[in-house]
Amino acid sequence: MRRRRETHQDEDTKQTLQTPNFPKSVSDKQIFIFCLAFRMLNSLLVQSYFNPDEHWQGPEVAHRIAFGYGHLTWEWKQGIRSYFHPLIFLPLYKILGLLHLDSPWFMMRAPRLLQSVFSAVGDLYLYKHSAILFGYSVAKWALSNWFMFYCFSRTLSNSLETVLTLVSLYFWPCMRISGKSSYVSRKWGLVLAALACAIRPTSAVTWIYVGVVELFNARDKLKFVFLEVAPIGTLVLGLTCLLDRFMYGTWVLVPLNFLKFNFLSSGGDYYGTHQWHWYFTQGFTVMIFSHIPFCIAGIIYSKQWKFTGLLAWVLSFYSILGHKEFRFVLPVLPIALMFSGYSLAMIEDPGAGSSQYKEKKFSKEHNKCPPKMTAAIIFLLATNIPMALYMSLVHQRGPEDVMNHLAKEAFQGKVKSILFLTPCHATPYYSMLHRNLPMQFLDCTPSEEKGVLDESDRFMTDPVSFMSKLANNWSFPSHIVLFDPEEQKLRSFLSSFDYREEKRFFNAHFKVDRDLQASIVVYVRIR
């Protein structure tokens, strides 16, 4: 066993020596400042609606704690979510309230600006991660991708999970590969990995793989398991359980409830399913986009099979589940981009993969950008920048715009109550409106009986019939919000109750999961 362990350590050392050791031209502080400025600008440019969890499972919950009103979805009633992630936004809301900065603009932008700080940390450690494995020239190419621009500054738990994953991978396996591993760095890596699992229990998928690899390389396997992994995991789990006990008012084992619903009972399938190959043929390929050929080439030529294995393991595991979403595999997207960066560095200098390259001095000739590199850069910029800007500024921006409008109207006292006749959770809620007004939306709580349509589905099936029944017992909200397909069917009905169109916002040029929702409309009662 000792001989086998030494062999694996020699392979890691040999592999590290074969990768270029480019001189470091800028400090970590400079890299972080650049990443922070970029991500803050990124957060301001993201003005579209991507996923309900961005608002409903983070800022909405924090808003309820900070200001005393906000909506808790059914997951919080069944103990499937931990309060750990929402509480990150609590100090931000408290500060905004104390300084009287809780205006519509700040309530809309501040949470994403906070997330941009975390995202900048993730960028920094992706850079450092790439530098350890491949060299600084590779690291500089690992930070550009349209989906990271579109998603990383959003207040999704997946975004923070990705940050923690990147930092943990740096302190844990990467530091060992570089030969700089220490007891403290391993501990930091384990703590951050445990925190990632606390925020998203499904993050355990990543850390099972990393843990097995690290166990295989550990000199004392029993010490690694029982004196390092187990104590830290137990401590973090215990602290998050205490936090949830305080917030829920009763003992709740959130990771177990989460895994029961999403894995053991396939509860996530209620929100739609995809074919097993979706991540490989559509989901992850769309995320990595035009980096695909560079990523594949980087995997082949870098020969970093352990991180390639992590990428394959996570995508394969999530492929088993019926319900699939882009954001679920966000934590491994930076790893794929790291391989793409290696490929680009090889194009920049074909000798970058040789062990002698680290001793080569830079020359003016080397600093010139080869034609192939120029073509590759133009190709990536021409494909990723338009995609990033279109998805962030144009596609599905209606829900954000309509809530920003309603928040401004409510700030001026022009809104009394709101009825959302949209698919449930299709817009932000109290966290953006920031006024304690009566609001109602169509319910979509999963039913224990299969085949039973929820309130939202019943409305979408026959809007006129649904509203005719609802009108028998409703209190005439001052404002009604709905998408244009349903608005066209209900126009006469709304007019009969003295509602008129107040504002229409563009939403999308093409459909996503349902009929084209080209615009979202606000109706106001004129009486």
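Nothing here was measured: the structure is a model prediction, and the numbers come from that model. (Residues numbered from 1 in each chain as written. Predicted model: local features only at pLDDT ≥ 70, side-chain atom pairs only at ≥ 80, totals over all residues. Heavy atoms only, no water.)

A few words now on the state of the cysteines. All chains considered together, the criterion is met by one disulfide. Note on cysteine connectivity: Cys424 is disulfide-linked to Cys444, with sulfurs 1.8 Å apart. Judged by the sign of its S-S torsion, about 85 degrees, the cystine formed by Cys424 and Cys444 is right-handed. A residue pair is termed long-range when its members are at least 10 positions apart, and Cys424 in the loop between β1 (418–421) and α22 (430–433) and Cys444 in the loop between β2 (439–441) and α23 (455–461) qualify at 20 residues. Both residues of the pair, Cys424 and Cys444, count as buried. Counting only cysteine sulfurs, Cys241 is the nearest neighbor of Cys197, a cysteine outside any disulfide, at a range of 13 Å. (Disulfide = S-S within 2.5 Å. Helix = DSSP H or I, 4+ residues; strand = E, 2+ residues; numbered from the N terminus. Buried < 20%, exposed > 50% of the residue type's maximum accessible area, 1.4 Å probe, protein only.)

UniProt records the feature "transmembrane region" (unreviewed entry) for residues 83–101, 156–175, 187–210, 222–239, 276–300, 329–352 and 373–393 in the present numbering. The annotated region residues 187–210 carries 83% helix and 0% strand content, and the separation between its end C-alpha atoms amounts to 14 Å. Secondary structure content for residues 222–239 is 100% helix and 0% strand, and the end C-alpha separation is 24 Å. (UniProt positions renumbered as here; feature names shortened; annotations may be inferred.)

What follows is about the packing of aromatic side chains. Describing an aromatic ring pair means giving the distance of the ring centres and the angle of the ring planes. All told, the structure shown has 43 aromatic pairs when counted by the stated rule. Centre to centre, the rings of Trp146 and Phe289 are 6.4 Å apart; their planes meet at 75 degrees, and the pair counts as edge-to-face. Highlighted residues: Trp146 in helix α9 (residues 146–151) and Phe289 in the loop between α15 (278–288) and α16 (292–302), separated in sequence by 143 residues. Sitting above the plane of the Tyr150 ring, Arg154 keeps its charged end 4.5 Å from the centroid. Here the guanidinium or amino end of Arg525 rests over the ring plane of Phe476, the centre of that ring lying 4.0 Å away. (Phe/Tyr/Trp six-rings, centres within 6.5 Å; stacked < 30°, edge-to-face > 60°. Lys NZ or Arg CZ within 6 Å of the ring centre and 35° of its normal.)

Right, let's get into the pairing of β1. Successive residues of a regular strand alternate their side chains across the two faces of the sheet. Burial along β1 is two-sided: the face carrying Ile418 and Phe420 and the face carrying Leu419 and Leu421 are both buried. The sheet contact formed by β1 and strand β3 (residues 479–483) spans four bridges and is parallel. Bridging across to β3, Phe420 finds its partner in Val481. (Pairing = 2+ DSSP bridges.)

Now for α16. Here α16 has its buried residues at Phe294, Cys295, Gly298, Ile299 and Ser302. Projected down its long axis, α16 shows its buried positions confined to an angular sector of 135 degrees, all on one face. Positive phi shows up at Lys303, right after α16, with a value of about 60 degrees. (Arc of directions from axis to C-beta.)

Once that is clear, we can look at the nonpolar core. Counting residues in hydrophobic clusters, the biggest one holds 74 residues, and the most contacted among them are Phe147, Phe284, Val329, Leu333 and Ile335. For this core, the element with the most residues is helix α10 (residues 157–178), which contributes nine residues. Residues within four places of Phe284 in sequence aside, it is in contact with Tyr279, Leu311, Leu315, Val329, Val332, Leu333 and Ala336. Formed by 26 residues, the second largest nonpolar core is a distinct cluster that contains Ala426, Tyr430, Val481 and Ile520. (Core = buried A, V, L, I, M, F, W, Y, C linked by side-chain atoms within 4.5 Å. Contact = heavy atoms within 4.5 Å.)

So, about the packing of helix α17 (residues 305–320) against helix α18 (residues 333–348). The contact between α17 and α18 brings their axes to 10 Å, and the two run at 140 degrees. Taken together, the axis directions place α17 and α18 in an arrangement best described as oblique. In the crossing of α17 with α18, the sense of the turn from one axis to the other is left-handed. Contacts between α17 and α18 involve Phe307, Thr308, Leu310 and Leu311 from the former and Ile335, Ala336 and Phe339 from the latter. (Axes fitted to C-alpha atoms, helices over the stretch in contact; angles between N-to-C directions. Parallel < 35°, antiparallel > 145°, perpendicular 65-115°, else oblique. Left-handed = near helix turned anticlockwise from the far one by under 90°.)

As a further point, take the sheet that holds strand β4 (residues 499–506). The sheet built from five strands is open, its strands ordered β2-β1-β3-β5-β4 with mixed pairing. Each end of this open sheet is capped by a strand with a single partner; those strands are β2 and β4. Strand after strand, the sheet turns through a mean of 20 degrees between neighbouring axes, direction not considered. Judged from the three bridges that link them, β1 and β2 form a sheet pairing that is parallel. Directly across from Leu419, in β2, lies its bridge partner Gln440. Against the sheet, helix α25 (residues 484–496) touches β1, β3, β4 and β5 (519–525), its axis set at about 145 degrees to β3.

Position of Gly413 among the secondary structure elements: in the loop between α21 (398–411) and β1. You can call Gly413 partly exposed: its relative accessible area is 40%. Once the C-alpha coordinates of Gly413 and Arg435 are considered, the two residues, 22 residues apart in sequence, prove to be 9.5 Å apart.

A word on the side chain of Arg112. Mapped onto the elements of the fold, Arg112 is located in helix α7 (residues 104–133). For Arg112, a relative accessible area of 2% corresponds to the buried category. Setting aside chain neighbours within four positions, we find Arg112 in contact with Ser43, Val46, Gln47, Ser48, Glu54, His55, Ser153, Arg154, Thr155 and Glu400.

Once that is clear, we can look at the confidence of the model for the protein. When pLDDT is averaged across the protein, the result is 88; 91% of the residues are at 70 or more. When pLDDT is averaged over each element of the protein, helix α4 (residues 59–67) comes out on top at 98 and helix α1 (residues 2–17) at the bottom at 39. pLDDT under 50 marks residues 1–23. Its contacts with residues more than four places away, or in other chains, come to 40 contacts. Taken together, the stretch residues 354–365 has pLDDT below 50 and engages in 16 contacts with residues farther than four places along the chain or on a different chain. (pLDDT = per-residue confidence, 0-100.)

Moving on: the side chain of Ser417. For Ser417, the position within the fold is in the loop between α21 and β1. Residue Ser417 is classed as buried on the basis of its relative accessible area, which comes to 15%. Excluding anything up to four places from it in sequence, Ser417 contacts Pro438, Phe476, Pro477, Ser478 and His479.

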